[in-house]
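Letter by letter, the chains look like this.
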Amino acid sequence: MPRRRLRIDSRPPPSLLPKPGRTQPVIAAVGEVAAKVAPLELAISDDAPPRVNLLIPTIDLAHFFGGYIGKLNLATRLAARGMRVRVVTVDPVGPLPSSWQRRVEGYSGLDGLFERVEVVFGRESKGIEVSRSDRFVATTWWTAHIAHHAVRRLGGERFLYLIQEYEPFTFPMGTYAALAEGSYRFPHTALFSTELLRDWFRRRGIGVYADGATAGDACSAAFENAITAVEPPTTEELAGRRTRRLLFYARPEPHAARNMFELGMLALEQAVLDGTLADWELYGIGTVNTQKRLTLGHATSLELVPRHEQGAYAEFLRAHDVGLSLMYTPHPSLVPIEMAAAGMFAVTNSFENKTPEAMAEISTNLVTVEPTLE
């Protein structure tokens, strides 16, 4: 079993292991793709204990959102069922503060995580010790490529794929989208984040559903993500508010394009100009950029609020009346659900089978509309 408290170097080496015989690509973008899906260095040992290796991109506290919380909660659940679990990073890991383990364990369900699981910085390792009975869990499209290679090298058949989004939709049409789509064709068992997402794969015949609904259902399962625990405000608290507050899930970063920051801003600007949001306080949360204000018209601005720790985030949620959180993919997203749990009416968008009726089954506080400016 893992040692009670593992000592993990908080500052991995700044450079990765050189690959013999491989030249540096002339175009940097080609090298970036190659590095993204490159197999891990494995050291196969007949004396190694069998492990379940959960592959995650990296450990980056600035981008530690709900998806990472779900991945690490899976690790703790597997460990609680008696498995020897190891979290393996597959991207370079930058310098981490000495408090990084404590901060990770501060999220819901992760208390004592590092007493239960091992951690290996995969790209900085000279060779990850594995047995031929090791199993692998992919948590993103590129970790699926890496898991597939590892399984084949060990003579296995398939890996477990934790699918939290249809990831080709997170890129423009091109190499990354194609590689992401291809990851669903590897032999795997699927664990979907939400039944809605699983149903979308079923309807499209993607991944485990390529051979039909019956085969896909037999080779998959779905779970509902844990959300931030938040106590909705009381009637008295609501009545005592002097102003109304709107909270926008504002993700202007290019990698979060599916959250439709631009469409949300245009809609808010129109609502300000036509008087709908007169005298409202408008806030945006979700960006990792520094705090700033964005002008919307009529001397009204949207204040971008920096990231909060989970407890402070819950209190921040309950201080608002209406939420706006968009995502142009089949996953319902966790943020509008957290907004609804905090007592807000949360406006979000529809997408194929993500209909108003389907979203209302999650919460009647979810107001699901077509993703148009109107």
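Notes on the structure in this doc start here.

Rules behind the numbers
Residues numbered from 1 in each chain as written. Predicted model: local features only at pLDDT ≥ 70, side-chain atom pairs only at ≥ 80, totals over all residues. Heavy atoms only, no water. Core = buried A, V, L, I, M, F, W, Y, C linked by side-chain atoms within 4.5 Å. Buried < 20%, exposed > 50% of the residue type's maximum accessible area, 1.4 Å probe, protein only. Helix = DSSP H or I, 4+ residues; strand = E, 2+ residues; numbered from the N terminus. Contact = heavy atoms within 4.5 Å. Pairing = 2+ DSSP bridges. Axes fitted to C-alpha atoms, helices over the stretch in contact; angles between N-to-C directions. Phe/Tyr/Trp six-rings, centres within 6.5 Å; stacked < 30°, edge-to-face > 60°. Lys NZ or Arg CZ within 6 Å of the ring centre and 35° of its normal. Polar contact = N/O pair within 3.5 Å; in protein donor to acceptor, adjacent residues only side chain to side chain. Salt bridge = Lys/Arg side-chain N within 4 Å of Asp/Glu carboxyl O. Right-handed = clockwise from strand over helix to strand, strands pointing away.

**Observations concerning the nonpolar core**
- Membership of the largest hydrophobic core comes to 34 residues, with the highest contact counts inside it found for F159 and F201.
- Among the secondary structure elements, those contributing two or more residues to this core are β5 (128-130), β6 (135-138), α5 (141-153), β7 (159-163), β8 (188-193) and α7 (195-204).
- In terms of residue count, the dominant contributor to this core is α5 (seven residues).
- Here F159 is in contact with F136, A138, A144, A147, H148, V151, F186, P187, H188 and T189, once residues within four sequence places are set aside.
- With 28 residues, the next largest nonpolar core counts Y68, V85, V87 and Y107 among its residues.

**Description of the sheet that holds strand β2 (residues 52-56)**
- Here seven strands make up an open sheet; going across it, the order is β4-β3-β2-β6-β7-β8-β9 and the pairing parallel. Looking at the sheet topology across the chains shown, the edges are occupied by β4 (118-121) and β9 (220-223). Going from strand to strand, the sheet's axes swing by 20 degrees on average, the running direction of each strand aside.
- Note that β6 and β7 share two bridges and pair parallel. Bridging across to β7, V137 finds its partner in L160.

**Quick notes on the sheet that holds strand β10 (residues 245-249)**
- Strand order across the open sheet formed by seven strands is β12-β13-β11-β10-β14-β15-β16, with mixed pairing between neighbours. Each edge of the sheet is formed by a strand with only one pairing partner; in this case those strands are β12 (292-297) and β16 (366-369). Taken over all neighbouring pairs, the strand axes of this sheet differ in orientation by 25 degrees on average, direction set aside.
- In terms of strand pairing, β10 meets strand β11 (residues 281-285) through five bridges, oriented parallel. Opposite L247, over in β11, you have Y283 as the bridge partner.
- Packing of helix α10 (residues 261-273) onto the sheet brings it into contact with β10, β11, β12, β13 (300-305) and β14 (322-324), and relative to β12 it is tilted by some 50 degrees.

**Quick word on unusual backbone geometry**
- Although it is not a glycine, D279 adopts a positive phi angle of roughly 70 degrees.
- For D279, a relative accessible area of 73% gives the class exposed.
- Of note in this structure, E352 is not a glycine but carries a positive phi near 50 degrees.

**Some remarks on the environment of T329**
- Locating T329 in the fold gives a position in the loop between β14 and α12 (335-341).
- Remark: the alpha-carbon pair of T329 and C219, spanning 110 residues in sequence, is separated by 23 Å.
- Ignoring any residue separated from it by four or fewer positions in sequence, one finds T329 in contact with E165, F169, R258, F351 and K354.

**Topic: helix α6 (residues 175-182)**
- Those residues of α6 lying buried are A177, A180 and G182.
- Among the structural elements, α5 are those in contact with the buried residues of α6.

**Section: the packing of aromatic side chains**
- Evaluated as defined, the whole model comprises 20 aromatic pairs.
- Taking 5.8 Å as the distance between ring centres and 50 degrees as the angle between the ring planes, the aromatic pair formed by F159 and Y161 counts as tilted. The two residues F159 and Y161 agree in class, both being buried.
- One Lys or Arg, K71, reaches over the ring of Y68 and ends 4.3 Å from the middle of that ring.

**Points about the side chain of T348**
- Note on placement: T348 falls in strand β15 (residues 345-349).
- In terms of polar contacts, T348 uses its side chain to reach the backbone carbonyl oxygen of S325, at 2.8 Å.
- In contact with T348, other than residues within four places in its own chain, are S325, L326, P336, M359, V367, T368 and V369.

**Examining the pattern of salt bridges**
- Counted under the stated rule, the structure contains 20 salt bridges.
- E118 serves as the salt-bridge partner of R84, at 2.7 Å between the closest nitrogen and oxygen. One end of the pair, R84, is in the loop between α2 (66-80) and β3 (85-89); the other, E118, is in strand β4, and 34 residues separate them in sequence.
- The salt bridge involving E195 is made with R198; its shortest N-O contact spans 3.5 Å. Pair noted here: E195 and R198 are both in helix α7, with a separation of three residues, about one helical turn.
- For E195, a relative accessible area of 34% corresponds to the partly exposed category.
- One connected set of salt bridges, linked through shared partners, spans E195, R198, D199, R202, R203 and D217.

**Comments concerning the pairing of β8**
- Burial analysis of β8 places five of its six residues in the buried class, which makes it a mostly covered element.
- By the bridge criterion, five bridges tie β7 to β8 in an arrangement that is parallel. Looking across to β8, one finds that F159 is bridged to H188.
- Taken together, β7, α6 and β8 form a β-α-β motif whose crossover is right-handed.
- Here β8 pairs with β9 via four bridges, running parallel. Residue pairing in the sheet places S193 in a bridge with F223 of β9.

**Some remarks on the pairing of β4**
- In β4, alternate side chains face the same way, and those of E118 and V120 on one face and V119 and F121 on the other are all buried.
- Looking at chain direction, β3 and β4 are connected through four bridges and run parallel. Bridge assignment links R86 to a residue of β4, and that residue is E118.

Interpretation note: all reported values are geometric properties and have no functional meaning in isolation.
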